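# Summary of structural features
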Number of protein chains: 2
Amino acid sequence: MRPNASVSAQTPALIPALIPACVLAAAFALPGAASADPLPSWRDDGAQARIEAFVEAVTDPASEDYVTPARRIAVFDNDGTLWSEQPAYFQLLFALDVLKTKAEADPSILTSDVLKAAAAGDMEGMMAGGVKGLLEVVDVSHAGMSVEAFQADAAAWLAETAHPTSDLPYAAMTYQPMIELLSYLRDEGFSTWIVSGGGVHFIRAVAQDAYGIPPWQVIGSRGNLSYDAEGKALMKDGGVSLVDDKEGKPVGIDQQIGVRPILAAGNSDGDFAMLDYVTAGDGPSLGLLVHHTDGAREFAYDREGHIGVLNQGLDEAEGRGWLLVDMKADWTRIWTGGE
Amino acid sequence: MRPNASVSAQTPALIPALIPACVLAAAFALPGAASADPLPSWRDDGAQARIEAFVEAVTDPASEDYVTPARRIAVFDNDGTLWSEQPAYFQLLFALDVLKTKAEADPSILTSDVLKAAAAGDMEGMMAGGVKGLLEVVDVSHAGMSVEAFQADAAAWLAETAHPTSDLPYAAMTYQPMIELLSYLRDEGFSTWIVSGGGVHFIRAVAQDAYGIPPWQVIGSRGNLSYDAEGKALMKDGGVSLVDDKEGKPVGIDQQIGVRPILAAGNSDGDFAMLDYVTAGDGPSLGLLVHHTDGAREFAYDREGHIGVLNQGLDEAEGRGWLLVDMKADWTRIWTGGE
């Protein structure tokens, strides 16, 4: 996942131990990192040039836009920005699988029409309940277990279950160009964070392996938690204590980061408030929207549908100076697990 | 605040630039750091020895208790653990000052007996409302302003207002031995976090300067927030969305860190659940309770009173293997701003 880092990470073992590792690292890194393309899955113009110009401006101590490493904070939406979100949010598909299994053992948990539709695989009937209905499905399937057990289940499901159209494991449907962008930013002294409308524990289950992002840099929607003093564990009680979407994203950022980031990436109007907040700071900033234009290699959608709707962002990106990334034109490769 | 770090941080500038900085750092650090006392305000036995033995065990790659740097997470209560909390929590004293000023401009905000007592300086009348009453005082004084404006006010008040008995500015009443412990842990690859029942924005106002802890490593009680799209700012709406105390501390840790820490420090039964959670992990861990035994230099209190009550912790510390730090016996100095 980090093509540039792999060479210098593996090389020192081959060299006599007398030479300090830091000197070796410098010797290998200087010519290598400066000449190699840090974003090999991006076409060499347009979006890539804009991103690199921004990063160079904020990392060059001689630049008037210089930002200290501690303030180089970059926030990323997850669904549709770092991995795919069609035909439905992966977390919802996971929740449906869990709900079906639970309902087979105990049908009495299906206490509403939405839950009954979901367990029967009737997607339209389930969608009829709107966001509230979807939250109910997630709630019933995720609650009543420890955080640790839930994360183990989610990680296993993401690694082992095949997506209905790509046939890849869900965990392999991360966007390779965005993985490279995360690595590039970290190599340039940024901290990289996820700010997702999805559930925080679901994303943490894979964030370190998939994105190199540790649990404490994942912000997401939250259910209620309680401490079980007998089991010495955190328990998922259901309900919702933070909806980390739309205006909830700046709220989640303040709760968990506490300072305004300088780079925000999203793909839908659920990310609009986050980009609005991040690009309103006093210093330099970059707002980025991934536009799903590639129906052949991924999915093409924007202004219509139930998921990842992008209207205000498309209308205002140019006027606000936000970078619109055209997946079809700007990316030479889509999925990390694909070709 | 970081006596050991200052020498090596300043030295390289005096040396010809031809020698790689990393080699110089190693040359200066090896003899210096190994022989210097990382905890100069701790007496050289008892608590200090126990802390150093734990840190050496988890940082030595040859030790069976070795822990990778990413998992060296240390959590600290704030009031009574990192700074003083008598005669009342500093945040409450700040809230009272703000409430008085607000009520002079608009007496109609005093909508309850607790608020009237607080604005009149009647501490007993205010305390009669219990925790709910205190939250009401904090709520009315802190709500209706931006996070940024609130933090600027809090930082100024802490720097400029004198404590009623010590006559030091509140911000100078951090515990020097704990500041040294935080620095020592960071030098040994730990990340250091605050997990406080106090308000997260109040602590963030000074955490970087006072403790070297950035905003994103402060966890505290939270009010409701909203995003103001006109002002591009986060607004404090009042109310409470997380009480980060007692069983709420493990909840706050999971929400913001997402993994179990290996070191927890507190001073009251409000920290009991946090120490219980942290010391229940599979690997090595250290639970530490600061015991307020020094009535001459600070304040002596434990089993009785309204603030910092320590009963269960005193009863169970020995049986659980938790380190009880005796402020009078173990610390040669108390406040960072004192002698």
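Residues numbered from 1 in each chain as written. Chains lettered and ligands numbered in written order. Predicted model: local features only at pLDDT ≥ 70, side-chain atom pairs only at ≥ 80, totals over all residues. Heavy atoms only, no water.

Where an unreviewed UniProt entry is consulted, chain A appears under the name Haloacid dehalogenase-like hydrolase, with the organism given as Albimonas donghaensis.

When its secondary structure is counted, chain A shows 14 helices and nine strands. By the burial criterion, 50% of the 339 residues in chain A qualify as buried. Within chain A, contacts between residues separated by at least 24 positions form 65% of all contacts whose residues are at least 6 apart in sequence. For chain A, the computed accessible surface area is about 14400 Å², with 55% contributed by carbon and sulfur atoms. (Helix = DSSP H or I, 4+ residues; strand = E, 2+ residues; numbered from the N terminus. Buried < 20%, exposed > 50% of the residue type's maximum accessible area, 1.4 Å probe, protein only. Contact = heavy atoms within 4.5 Å. Areas by Shrake-Rupley, 256 points an atom, 1.4 Å probe, with all protein chains shown as cover.)

Turning our eyes to something else, we now look at the pattern of salt bridges. Opposite charge on two side chains permits them to pair, given that their charged atoms come into close proximity. All chains considered together, the criterion is met by 16 salt bridges over all chains. A salt bridge links R320 of chain B to D276 of chain B; the nearest nitrogen and oxygen atoms lie 2.9 Å apart. Remark: D276 of chain B occurs in helix α12 (residues 272-278) and R320 of chain B occurs in helix α13 (residues 312-320); sequence separation between them is 44 residues. Residues participating in the shared-partner salt-bridge network are K232 of chain A together with D276, E316 and R320 of chain B. (Salt bridge = Lys/Arg side-chain N within 4 Å of Asp/Glu carboxyl O.)

Residues and elements named next belong to chain A. Among the residues making up helix α13 (residues 312-320), those that are buried are G313, L314 and A317. Angularly, the buried residues of α13 cover 95 degrees about the axis, an arc narrow enough to put them on a single face. Summarising the geometry of α13, the exposed residues directed more than 90 degrees from the buried face are D315 and G319. Following α13 by one or two positions, G321 has its phi on the positive side, about 75 degrees. (Arc of directions from axis to C-beta.)

Residue-level contacts link 35 residues of chain A with 35 residues of chain B. Overall, the association of chain A and chain B removes approximately 2900 Å² of surface from exposure, summing both partners, and the carbon and sulfur fraction of that is 59%. Between the two partners, chain A and chain B, sit two salt bridges. Taking the shortest distance from any N to any O, the salt bridge between D276 of chain B and K232 of chain A comes out at 2.6 Å. (Buried area = accessible area lost by both parts, 1.4 Å probe.)

Before going further, it helps to examine the environment of I213 of chain A. All names here are of chain A. Relative to the assigned elements, I213 resides in the loop between α10 (200-211) and β4 (218-228). According to the relative accessible area criterion, I213 is buried, its value standing at 0%. Contacts of I213, omitting those with residues within four sequence positions, involve L182, R186, T192, W193, I194, A207, Q208 and V218.

On the surface, a nonpolar cluster with roughly 340 Å² of combined accessible area is contributed by V131, L135, V240 and V243 of chain A. Within the fold, V243 of chain A resides in the loop between β5 (233-242) and α11 (248-256). (Patch = residues over 30% accessible without salt bridge, like charges linked within 9 Å, V, L, I, M, F, W, Y side chains within 5 Å.)

In the superposition of chain A on chain B (RMSD 0.0 Å, axial shift 0.0 Å), the rotation amounts to 180 degrees. The two molecules are tied by a two-fold rotation axis, judged by turn and shift. For chain A, the minimum C-alpha distance to the rotation axis belongs to Q256 of chain A and amounts to 3.1 Å. Both copies contact each other with a shared surface, as 100% of the interface residues of chain A are interface residues in chain B too. (Least-squares fit on C-alpha atoms with pLDDT ≥ 70 in both.)

Counted under the stated rule, the structure contains 24 aromatic pairs over all chains. Between Y227 of chain A and Y277 of chain B the ring centres are 5.7 Å apart and the planes differ by 80 degrees, which places this aromatic pair in the edge-to-face class. Of this pair, Y227 of chain A sits in strand β4 while Y277 of chain B sits in helix α12, each in a different chain. Here Y227 of chain A matches Y277 of chain B in class, with each residue buried. By the ring-pair criterion, three or more aromatic residues cluster together here, those being W83, F90, F94, F150, W157, Y170 and F202 of chain A. Positioned above the aromatic ring of F150 of chain A, the side-chain terminus of K236 of chain A is 4.6 Å from the ring centre. (Phe/Tyr/Trp six-rings, centres within 6.5 Å; stacked < 30°, edge-to-face > 60°. Lys NZ or Arg CZ within 6 Å of the ring centre and 35° of its normal.)

This brings us to helix α7 (residues 130-142) of chain A. Residues and elements named next belong to chain A. For α7, which comprises 13 residues, the first-to-last C-alpha distance of 19 Å matches the rise-based estimate of 18 Å (1.5 Å per residue) to within 8%. Every buried residue of α7 is listed here: G133, L134, V137, V138, S141 and H142. Across the axial projection of α7, the buried residues extend over an arc of 155 degrees, all falling on one side. Its buried side turned inward, α7 meets α4 (90-105), α5 (113-119), α6 (123-127), β2 (145-146), α8 (147-160) and β5. G144, located one to two residues past α7, shows a positive phi value of around 85 degrees. (Expected span 1.5 Å × (residues − 1).)

The pairing of strands in a sheet happens through backbone hydrogen bonds and is either parallel or antiparallel. Residues and elements named next belong to chain B. In spatial order, the strands read β2-β5-β4-β3-β1-β6-β7-β8; together these eight strands make up an open sheet with mixed pairing. Among the strands making up the open sheet, the edge pair consists of β2 (145-146) and β8 (323-326). Across two bridges, β2 lies against strand β5 (residues 233-242) in antiparallel orientation. Paired with M145 across the bridge in β5 is K236. Packed on one face of the sheet, helix α9 (residues 176-187) meets β1 (73-76), β3 (191-199), β6 (263-266) and β7 (286-291) and runs near 165 degrees to β1. Packed onto the sheet, helix α11 (residues 248-256) meets β1, β3, β4 (218-228) and β5 and runs at close to 60 degrees relative to β4. (Pairing = 2+ DSSP bridges. Axes fitted to C-alpha atoms, helices over the stretch in contact; angles between N-to-C directions.)

The next thing to look at is the packing of helix α3 (residues 47-59) of chain B against α9 of chain B. Residue and element names in this part refer to chain B. Where α3 meets α9, the closest approach of the two axes is 11 Å, and the angle between their N-to-C directions is 15 degrees. Here α9 runs roughly parallel to α3, going by the angle between their axes. Regarding α3 and α9, the two cross each other, and that crossing is right-handed. Seen from α3, the contacting residues are I51, E52 and V55; seen from α9, they are L181, Y184 and L185. Here the residues of the contact of α3 with α9 sort into five nonpolar, no polar and one charged. (Parallel < 35°, antiparallel > 145°, perpendicular 65-115°, else oblique. Left-handed = near helix turned anticlockwise from the far one by under 90°. Nonpolar A, V, L, I, M, F, W, Y, C, P; charged D, E, K, R; others polar.)

Moving on, we get to the pairing of β5 of chain A. All names here are of chain A. In terms of strand pairing, β4 meets β5 through six bridges, oriented antiparallel. Counted as the bridge partner of Y227 is L234 from β5. A loop of four residues connects β4 with β5, the two strands running antiparallel in sequence, and K232 in this loop sits at a positive phi of about 55 degrees.

Below, the discussion takes up the confidence of the model for chain A. The predicted model of chain A has a mean per-residue pLDDT of 89, with 90% of residues at 70 or higher. In the model, residues 1-34 of chain A has pLDDT below 50 throughout and makes 23 contacts with residues more than four positions away in sequence or in other chains. (pLDDT = per-residue confidence, 0-100.)

As a further point, take the packing of helix α8 (residues 147-160) of chain B against helix α10 (residues 200-211) of chain B. Residues and elements named next belong to chain B. At a closest axis distance of 8 Å, the pairing of α8 and α10 adopts a crossing angle of 60 degrees. Here α8 lies oblique to α10, going by the angle between them. Crossing of α8 over α10 shows right-handed handedness. Across from V147, F150, Q151, A154, A155 and L158 in α8, the residues of α10 making contact are H201, F202, R204, A205 and V206. Looking at the contact of α8 with α10, its residues break down into eight nonpolar, two polar and one charged.

Right, let's talk about the pairing of strand β9 (residues 323-326) of chain A for a bit. Residues and elements named next belong to chain A. Residues L323 and V325 of β9 are buried on one face, while the alternating residues L324 and D326, pointing to the opposite face, are not. Summarising the sheet, strand β7 (residues 286-293) and β9 pair through four bridges and their orientation is parallel. Paired with L289 across the bridge in β9 is L324.

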